[in-house]
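Descriptive analysis of the structure
For reference, the chains in residue letters:
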Amino acid sequence: MNQEELKQDIRRLARERDALLLAHNYQRDEIQEIADITGDSLALSMEAAGTHRRVIVFCGVHFMAESAAMLAPDKLVLLPRADAGCPMADMVTAEGLREFKARFPGAPVVTYVNSSAAVKAESDICCTSANAVRVVNSLPDREVILTPDRNLAQYIAGQTDKICHIWDGYCPTHERLTVADVQRARAEHPEALFMAHPECPPAVLELAQHICSTSGMYDYARTSPAKAFIVGTEMGILYRLRRENPDKQFILPTSRLICPNMKLTSLEDLHKCLQTLSPQITVPADIAARARVTLERMLAVPRD
Ligand code: 13P
Ligand code: SF4
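Residues numbered from 1 in each chain as written. Chains lettered and ligands numbered in written order. Predicted model: local features only at pLDDT ≥ 70, side-chain atom pairs only at ≥ 80, totals over all residues. Heavy atoms only, no water.

**Here's the deal with the site of ligand 1**
Applicable threshold: Any residue with a heavy atom positioned within 4 Å of a molecule or strand is treated as near that molecule or strand. The term polar contact refers here to a pair of N or O atoms within 3.5 Å; inside protein, the definition further demands a hydrogen-donor-capable atom paired with an acceptor-capable atom, and it admits residues adjacent in sequence only when both atoms are side-chain atoms. Accessible surface is estimated by sampling points in the Shrake-Rupley manner with a 1.4 Å probe; for residues, cover comes only from the protein chains shown. In this classification, the charged set is Asp, Glu, Lys and Arg, the nonpolar set is Ala, Val, Leu, Ile, Met, Phe, Trp, Tyr, Cys and Pro, and all remaining amino acids, among them Gly, are polar.
Near ligand 1 lie 14 residues; those nearest to it are His-24, Ser-129, His-197, Glu-199 and Thr-214. Here an oxygen atom of ligand 1 sits 2.8 Å away from a polar atom, N or O, in the side chain of Thr-214. Contact with the protein chains covers 96% of the free accessible surface of ligand 1, which is 300 Å². Considering only residue class, the shell around ligand 1 consists of 5 nonpolar, 7 polar and 2 charged.

What follows is the structure in structure tokens.
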């Protein structure tokens, strides 16, 4: 089958299987093109929670499919590549977090959705890059524990009066973006605004005109009168940015902004996944029961 035939057959199979195709904003262009819905972690979690379809195919990484499985427990949740993980999520374990919590008794744990279900189960509430500051400020406590992303946590700490105890994890992809990369891009495109994901290192974020989640970047690019943008996040975001704003220019400050895990899923993988209805993602019932509460608490935090 050529690529076009493969795409048509994926659509046919998705209809037959009553499957909803979700794709994160970092997925390959052809996967984003064929998905029912593309979005950031928060938007996709909410879609998973609200769908009437029987099957959810999550083109993303493992923790995202786990969240979908917990928010839609009566659905069959599939991850086309079982090996698509997230190195940042792997930087904290449930046991490690229990030890960390013991050092700050009473402080609630706010865990970034980029984490395993077992870590969520040890937490009090989840957050995404789109709602992190809102979630932290919604808590009555004076001190909070933030895990696993130290860069997102530092960004939150700058936006809240709370005392933040920060776990030392990071995203290897965003960590690769340097101040020198941004300065070089600025020198070449002095008119461009720099928008950055909060997973970038603090020194890089200091240079940003706008800090937001991946979906926040679509809104910013669309509504800003600027005509050029330096993009501080994974390169998969360029697909929709360029398609939705054909008159604007988007500059990736370094070709190192690529997440190998997000790029694993191919059309062939998606096709096979719909044919075989596997690999299925499930979460043990005891962990799911506790972790689901942390996700639901997050979804219940009022929007501004
Ligand atoms: P958002 O899509 O929520 O901004 O998350 C970025 C990310 O790194 C997902 O792996
Ligand atoms: Fe994990 Fe970073 Fe890849 Fe997102 S971009 S999946 S945080 S490694």
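This is not the end of the story, as more comes after the structure.
**Focus on the site of ligand 2**
All residues in the neighbourhood of ligand 2 are listed as Tyr-26, Val-61, Cys-86, Pro-87, Met-88, Asn-114, Cys-171, Glu-199, Cys-259 and Met-262. In terms of residue class, the shell around ligand 2 is built from 8 nonpolar, 1 polar and 1 charged.

**A few points about helix 8 (residues 150-157)**
We count it as follows: Between buried and exposed lies partly exposed: a residue is buried under 20% and exposed over 50% of the maximum accessible area for its type, with that area taken using a 1.4 Å probe on protein chains only. Strands here mean DSSP runs of E at least two residues long; helices mean DSSP runs of H or I at least four residues long; both are numbered from the N terminus.
Burial in helix 8 covers these residues: Asn-151, Leu-152, Ala-153 and Ile-156. Measuring from the backbone nitrogen of Asn-151 back to the side-chain oxygen at the start of helix 8 gives 3.0 Å, which picks out Asp-149 as the cap.

**Comments concerning the pattern of salt bridges**
Pairing is possible between side chains of opposite charge, provided their charged atoms come close. Applicable threshold: Salt-bridge detection follows one rule: a side-chain nitrogen of Lys or Arg within 4 Å of a carboxyl oxygen of Asp or Glu.
Considering all chains together, one arrives at 20 salt bridges under this definition. Glu-122 serves as the salt-bridge partner of Arg-290, at 3.7 Å between the closest nitrogen and oxygen. One end of the pair, Arg-290, is in helix 15 (residues 285-300); the other, Glu-122, is in the loop between helix 6 (117-121) and strand 6 (125-127), and 168 residues separate them in sequence. A relative accessible area of 41% places Arg-290 in the partly exposed class. With a relative accessible area of 11%, Glu-122 lands in the buried category. With a closest N to O distance of 2.8 Å, Lys-263 and Glu-234 form a salt bridge. Residue Lys-263 is found in the loop between strand 12 (249-251) and helix 14 (267-276), and its partner Glu-234 is found in the loop between strand 11 (228-232) and helix 13 (238-244); the two are separated by 29 residues along the sequence. Here Lys-263 matches Glu-234 in class, with each residue buried. Several salt bridges share partner residues, and in doing so they unite Arg-98, Lys-101, Glu-122 and Arg-290 into one network.

**Focus: the sheet that holds strand 9 (residues 193-196)**
Put simply, the test is: Pairing between strands is defined by DSSP: at least two bridges between the two strands are required.
Reading across the sheet, the 4 strands line up as 10-9-11-12 and stay open at both edges, with parallel pairing between neighbours. Two strands close off the open sheet at either side, each with one partner strand: strand 10 (210-211) and strand 12. Pairing analysis gives 4 bridges linking strand 9 to strand 11, with the strands arranged parallel. Within the sheet, the bridge partner assigned to Met-195 lies in strand 11 and is Val-231.

**Some remarks on the packing of aromatic side chains**
Note the cut-off: Here a pair means two rings of Phe, Tyr or Trp (six-membered ring of Trp) with centres within 6.5 Å. Their orientation is stacked below 30 degrees between planes, edge-to-face above 60, and tilted elsewhere.
All chains considered together, the criterion is met by 4 aromatic pairs. Between Phe-100 and Phe-104 the ring centres are 5.2 Å apart and the planes differ by 70 degrees, which places this aromatic pair in the edge-to-face class. Just as Phe-100 is buried, Phe-104 falls in that class too. Ring geometry for Phe-100 versus Trp-167: centroids 5.2 Å apart, planes at 80 degrees, classification edge-to-face. Placement of Phe-100 in helix 5 (residues 94-103) and of Trp-167 in the loop between strand 8 (163-166) and helix 9 (172-175) is noted, with a sequence separation of 67 residues between them. Note on accessibility: Phe-100 and Trp-167 belong to one class, buried.

**Brief notes about the nonpolar core**
To keep things clear, this is the line we draw: Here, nonpolar core means buried Ala, Val, Leu, Ile, Met, Phe, Trp, Tyr and Cys residues that are tied together by side-chain atoms lying within 4.5 Å of each other. Contacts are assigned to residue pairs with any non-hydrogen atoms lying within 4.5 Å of each other.
Of all hydrophobic cores here, the largest spans 52 residues; its most connected members are Val-110, Leu-146 and Met-298. It is helix 4 (residues 62-71) that contributes the most residues to this core, 7 residues altogether. Excluding anything up to four places from it in sequence, Leu-146 contacts Val-110, Val-136, Ala-153, Ile-156, Cys-164, His-165, Ile-166 and Trp-167. Within the second largest apolar cluster, 19 residues are counted, among which are Ala-14, Ala-23, Leu-267 and Leu-270.

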